[in-house]
Amino acid sequence: MSVALLAPLGLAALAALLVPLLIHLIRRPQHVVINFAALRWVGERMRPRRRLQFDDLMLLIVRLLLIAASALLLASPVLDRDWRGVREWVVVVPGIEAAQARDAVTGLGADAEWRWLSPGFPSIDSARIDADIGTASLLRELDAVIDTRDRIVVIVPATVDGLDGERLVLSREVEWKVVDTSAVDTEPSQPTPIRVAVRYPAEATSALRYLRAMIAAWNVPVSDRYVADLHPVDVPLPDGTEWLIWLGGAWPAAIDAWVAAGGRVVTRMVEPTPDAIPVWRDGRGATIATAQRQGAGVRISFLHAFDPASFAPILDADFPERMRELLVGVEPAPARADASSVRPSVDPARTAVAVFPLDDIVIVLIVLLFLLERWLATRRRAFA
């Protein structure tokens, strides 16, 4: 067990120790000279000699200690906790029965901490918790708040919920226990298909081949994720349509109401509007498309028609992805995955030294010294 300083440059504040020393030297009591006739017969060598003395030595010592404690606080002292034993933390993902969790782990000490992986990490002996949780963020929090030498055992179901798309990296190895449970649906949910409507006039049929290829590229990762609905402009939108690509001119009022209710539409820009924001530029910085709010929906306007003669980016390999980003943005990261695929990895750079900060103790010491200094200074003035 030893004391270390996280910011040793803070000890430079010890130079302030000179301040109370100088104050006590300068503010010495003024002596009144009284002529005494008998001193005439005392020789020079027998006169009393002056020596360096400090008045009220106790007050001076307290002030010096107060400054030294303040400098120590600036240096951020910590205590190495090698004296503390290793503690075992067993965290259980809600949805697993407490008895099932205890059967899954053996060989632990009697003083192991059994907790739910839930905000506040309540004891497993408390009521069962079924609320939605952020499994990944809670594991990172637990890894950050407990001692770096403690051991963590995580009990998870076959399918883990509450992920955030970021790779789960901790500062230590964890024991990852996967148990079967009927309380959690292990079948991944199928994404709801997105209906994409395309409405075109007779003169814009040449653009359909590129739009069909675009939607087919969207469906490469997940089959039938996007359902195309290609019809002339006089065909109304079916129920459940989320995106619309309008290749004609002005649309009917029903389309305006659909966009205002939350729909997203791609169309040709008729005339620029002041509240439109550029969302796609070419290599020279020229605007290709703009976006603007229309009620709860979004209207994305292109400056060119969807044909290679006037709009060369339609032939680029990244055109489908750029269009999808305009309509939906970046899709949210998956929140559910197989437990074996999300096992935490270890980043040695995140491992910290097991230390105990002494800031609170030093602050209490400073307060006590300050109160003592005020009491001594007040008493000194009272006696004066």
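Residues numbered from 1 in each chain as written. Predicted model: local features only at pLDDT ≥ 70, side-chain atom pairs only at ≥ 80, totals over all residues. Heavy atoms only, no water.

**Digging into the overall build of the protein chain**
In step 1: Across its full length, the protein chain holds 8 helices and 18 strands.
In step 2: Buried residues in the protein chain amount to 37% of all 384 residues.
In step 3: Of the contacts made within the protein chain by residues no fewer than 6 positions apart, 70% connect residues no fewer than 24 positions apart.
In step 4: Surface exposure of the protein chain reaches about 23,500 Å², of which carbon and sulfur atoms provide 59%. (Helix = DSSP H or I, 4+ residues; strand = E, 2+ residues; numbered from the N terminus. Buried < 20%, exposed > 50% of the residue type's maximum accessible area, 1.4 Å probe, protein only. Contact = heavy atoms within 4.5 Å. Areas by Shrake-Rupley, 256 points an atom, 1.4 Å probe, with all protein chains shown as cover.)

**What to know about the pattern of salt bridges**
In step 1: Taken as a whole and assessed by the stated rule, the structure comprises 10 salt bridges.
In step 2: One salt bridge connects E373 with R63, and the closest N-O pair in it is separated by 2.7 Å. With a gap of 310 residues between them, E373 in helix α8 (residues 359-383) and R63 in helix α2 (residues 57-74) connect regions that are remote in the sequence.
In step 3: Note that R374 and E373 form a salt bridge whose closest N and O atoms lie 2.8 Å from each other.
In step 4: The structure contains a network of salt bridges with shared partners spanning E88, R151, E175 and K177. (Salt bridge = Lys/Arg side-chain N within 4 Å of Asp/Glu carboxyl O.)

**Topic: unusual backbone geometry**
Of all residues except glycine, most have a negative phi; of all peptide bonds, most are trans.
In step 1: If you check the backbone angles, S76 has positive phi at about 55° while not being a glycine.
In step 2: One can find S76 in the loop between α2 and β2 (77-80).
In step 3: In this structure, F121 takes a positive phi of about 50° despite not being glycine.
In step 4: In this structure, F121 sits in the loop between β4 (113-116) and α4 (135-145).

**A few points about helix α5 (residues 208-218)**
In step 1: Considered for burial, the residues of α5 that qualify are L208, Y210, L211, M214, I215 and W218. All buried residues of α5 project into a common sector of 160° when viewed along the axis, lining one side.
In step 2: On the buried face of α5, the contacting elements are β9 (194-200), β10 (226-232), β11 (241-246) and α7 (319-328). (Arc of directions from axis to C-beta.)

**Describing the packing of aromatic side chains**
In step 1: Summed over the entire model, instances satisfying the criterion amount to 12 aromatic pairs.
In step 2: Residues F302 and F311 carry aromatic rings whose centres are separated by 5.7 Å and whose planes lie at 75° to one another, so their mutual orientation is edge-to-face. The exposure classification of F302 matches that of F311, with both residues buried.
In step 3: Summarising the aromatic geometry, the rings of F311 and F319 are spaced 6.0 Å apart at their centres and angled 75° between planes, so their arrangement reads as edge-to-face. When sorted by exposure, F311 lands in the same class as F319, which is buried.
In step 4: Cluster of aromatic residues (ring-pair linked, three or more members): W280, F302, F306, F311 and F319. (Phe/Tyr/Trp six-rings, centres within 6.5 Å; stacked < 30°, edge-to-face > 60°.)

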